Amino acid sequence: PEPESRRERIYNFCLKYFVLSTWIIGAGCFLFGCFAWYKMKRQLKYVRGTQRSIRFMRKTYDKNMGTLLTLIPMDFTTMDVKEIKSILLPLCDVDDKHISMEALNE
């Protein structure tokens, strides 16, 4: 066979580089897809757990709605929360807009 000309060597080098980069990018996309699938599968576990707890809490709320409404001092016609704010304001121990978890759990 004839020796490769300079143009053919450059063309072959570019072709090898292009094919190699295509394989690397394809492998990267495949690995990212596997990683995203794994993370979404793990997240689905938490979503299903949350759905189960919401289903349970909805039944509890529906069963005890009358009791809950009497415990919450709120005007549902105007959605006024001033009474709730006046109850919670003394518990604000971080500043006048934030409550710490310790104060909430007392």
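Residues numbered from 1 in each chain as written. Predicted model: local features only at pLDDT ≥ 70, side-chain atom pairs only at ≥ 80, totals over all residues. Heavy atoms only, no water.

Here we look at the overall build of the chain
Cut-off, in case you're wondering: Numbered from the N terminus, helices here are DSSP runs of H or I no shorter than four residues, and strands are runs of E no shorter than two. Relative accessibility under 20% of the residue-type maximum defines a buried residue, over 50% an exposed one, and the middle range a partly exposed one, all with a 1.4 Å probe and only protein chains included. Working definition of accessibility: Shrake-Rupley area with a 1.4 Å probe, residue cover restricted to the visible protein chains.
Helix and strand content of the chain: 4 helices and 0 strands. Written out in order from the N terminus, the α and β elements of the chain read α-α-α-α. Buried positions account for 2% of the 106 residues belonging to the chain. For the chain, the computed accessible surface area is about 10,300 Å², with 66% contributed by carbon and sulfur atoms.

Overview of the confidence of the model for the chain
This is how it is decided: On a scale of 0 to 100, pLDDT captures the predictor's confidence in every residue.
Confidence in the prediction of the chain, expressed as mean pLDDT, is 84, and 84% of residues score 70 or more. Element-level pLDDT for the chain is lowest in helix H4 (residues 101-105), with a mean of 66, against a maximum mean of 92 in helix H1 (residues 6-63).

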